[in-house]
Amino acid sequence: MAELSQIMLVVLIFGFPLFAIWCARRYTLARTLGPIVLCFAVGILIRNLNLLDIEEKVAERCRDGAILLAIPMLLYSSDVGSWLRTARPMLQGFGLQIVSVCIACTLGVLVFSGVLSEIDIAGGMLIGIYVGGTPNLFAVGLALDADSESITLLNSAEIFWGALYLLFLLSASQKVYSYLLMSPKRDDRYQLDQAQPISEIRPREALIGVVLTLLLVASTVGISMLLFGSVSPSFIVLTITSLAVILSLVPAIRGLKGTYEIGDFLLLAFGVAAGLMSDFEVLLSEGAQYILFVLLVMLLSLLIHLLLCKWAGLDHDIFILTSTAGFYGPVFVPQVIQSLGRKSLLVGAMAVSLIGLVTGTYIGVMMAQLFRWLI
């Protein structure tokens, strides 16, 4: 029975995206929400309504495998020249994201200084997350010798609000933020994207891309084992992304038809698996204070970042992508890129997300020392 349950879980993760795509083509509501939102939402609902027995390890392996394969498949067709044209606004927007998070978290620590124990460490871990994604939470926590229960509750609270905000990013964010920030202009800096017709996908070329990706991921995991004696998520994501960008400079690889579409499908599978791992039951029963702390910091960070981007004259897509790069790290950037329809910004958004992944731990640890002095 256990094996059957695992097989059903894998079928759900990789089968539901096909159903979501079919629904999006047939029904107006599904098309408005988009396949990504449908996949992420169905995973969350199945997990939290206990509609299916979830094998954590199976869902985790599917989630990690899907994103590791998706990143290079999406990047092969990227135009590095587009990144160079958007480098300045993207870097500027991400710099403002870091400033916003540090200010917001400082205010949050001061407000909750008498409410949460080890608030200085919690603040440092939260900055680590919002500069470069979840891996930095555990890195900062390890560096500061954080209590394991605090790490779990803070991570659960961040997942809770992060999942809700991600649904917004994947659905209505572009329309909402367009009322608050300027729209991107068609000029030398920005290339507004057009979808590739399905008829241009060539199975043989897509297969070449898949084989190349499997070799790339396998070799990177092998190098990680040789260097660190274990699988290092940060090293693997950084290396795979960098090598995929380098390979995109080869005209023959950049011209492969169908790699982006396969990567897009893998993103949908990743969304289902990530949703299946979002369990909010323990958090709601034990972590109410952490829920409020994370909510305050997230809202303040978004507000400050929005105001700074408006002051700097950055458009809403740059704001959305640099916010995504900080809050979620590299793994969710391609999903938001797909929902925005801005394929040309993928390399730039991945680049700043990797900067956050690398620097988030250091910034989190330094800010935790500052918080300790303040309180």
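The preceding data block contains the structure.
Keep in mind that what you see is a predicted model, and the values were worked out from it rather than measured.

Novice: Tell me what's going on with the packing of helix H16 (residues 316–328) against helix H17 (residues 333–340), and back it up with residues and numbers.
Specialist: With their axes 9 Å apart at the nearest point, H16 and H17 run at an angle of 160° to one another. Classified by the angle their axes make, H16 and H17 are roughly antiparallel. Once H16 is placed against H17, the crossing between them reads as right-handed. In this structure, H16 contributes Asp 317, Ile 320, Leu 321, Thr 324 and Ala 325 to the contact, and H17 contributes Val 333, Val 336, Ile 337 and Leu 340.

Novice: Account for unusual backbone geometry, naming residues and giving values.
Specialist: Positive phi, close to 55°, is recorded for Asn 50, a residue that is not glycine. Structurally, Asn 50 can be placed in the loop between helix H3 (35–48) and helix H4 (56–75).

Novice: Before we move on, can you summarise the environment of Leu 207 with the specific residues and values?
Specialist: Following the sequence through the fold, Leu 207 ends up in helix H10 (residues 203–228). Sequence separation between Leu 207 and Asn 48 is 159 residues; the distance between their C-alpha atoms is 37 Å.

Novice: Run through the environment of Leu 302, naming residues and quoting values.
Specialist: Among the secondary structure elements, Leu 302 is positioned in helix H15 (residues 288–312). Relative accessible area serves as the criterion here: at 10%, Leu 302 is assigned to the buried category. With 194 residues separating them along the chain, Leu 302 and Gly 108 place their C-alpha atoms 13 Å apart. Every residue in contact with Leu 302, bar those within four places of it in the chain, is listed here: Tyr 165, Tyr 177, Phe 319, Ser 323 and Phe 327.

Novice: Describe in detail helix H18 (residues 346–374), supporting the description with residues and values.
Specialist: In a regular helix each residue adds 1.5 Å, so 29 residues correspond to 42 Å; H18 covers 39 Å between its end C-alpha atoms and thus fits that length. The largest bend in H18 comes to about 45°, at Thr 359.

Novice: Which residues make up the pattern of salt bridges, and what are the values?
Specialist: Inspection of every chain in the model, using the stated rule, returns three salt bridges. Among the salt bridges present, the one from Asp 64 reaches Arg 63, with a minimum N-O distance of 3.0 Å. Look at Asp 64 and you get partly exposed, because its relative accessible area is 31%. We classify Arg 63 as partly exposed; its relative accessible area is 22%. A salt bridge links Arg 372 to Asp 120, with the nearest nitrogen and oxygen atoms 2.7 Å apart. In this pair, Arg 372 is assigned in helix H18 and Asp 120 in helix H6 (residues 119–132), connecting sequence segments 252 residues apart.

Novice: Would you mind going over the packing of helix H8 (residues 148–171) against H16 in detail, with residue names and values included?
Specialist: Two elements in contact, H8 and H16, have axes whose closest approach is 12 Å; the angle formed by their N-to-C orientations is 160°. Regarding the angle of H8 to H16, the classification is roughly antiparallel. Where H8 crosses over H16, the two elements pack in a sense that is left-handed. Facing H8, whose interface residues are Glu 158, Gly 162, Tyr 165, Leu 166 and Leu 169, H16 presents Ile 320, Ser 323, Thr 324, Phe 327 and Tyr 328.

Novice: Outline the state of the cysteines, supporting the account with residue identities and numerical values.
Specialist: Following the criterion strictly, the structure yields zero disulfides and no others. With no disulfide of its own, Cys 23 has Cys 39 as its nearest cysteine by sulfur position, at a separation of 9.8 Å. We note that Cys 309 lacks a disulfide partner, and the nearest cysteine sulfur, in Cys 102, lies 15 Å from it.

Novice: Break down the environment of Gly 222 for me, citing the residues and quoting the values.
Specialist: Inspection of the secondary structure puts Gly 222 in helix H10. The exposure class of Gly 222 is partly exposed, given its relative accessible area of 29%. Residues Gly 222 and Ala 206, 16 residues apart in the sequence, show an inter-C-alpha distance of 24 Å.

Calculation criteria
- Residues numbered from 1 in each chain as written.
- Predicted model: local features only at pLDDT ≥ 70, side-chain atom pairs only at ≥ 80, totals over all residues.
- Heavy atoms only, no water.
- Axes fitted to C-alpha atoms, helices over the stretch in contact; angles between N-to-C directions.
- Helix = DSSP H or I, 4+ residues; strand = E, 2+ residues; numbered from the N terminus.
- Parallel < 35°, antiparallel > 145°, perpendicular 65-115°, else oblique.
- Left-handed = near helix turned anticlockwise from the far one by under 90°.
- Contact = heavy atoms within 4.5 Å.
- Buried < 20%, exposed > 50% of the residue type's maximum accessible area, 1.4 Å probe, protein only.
- Expected span 1.5 Å × (residues − 1).
- Bend = angle between axes of the 7 residues up to and from the residue.
- Salt bridge = Lys/Arg side-chain N within 4 Å of Asp/Glu carboxyl O.
- Disulfide = S-S within 2.5 Å.

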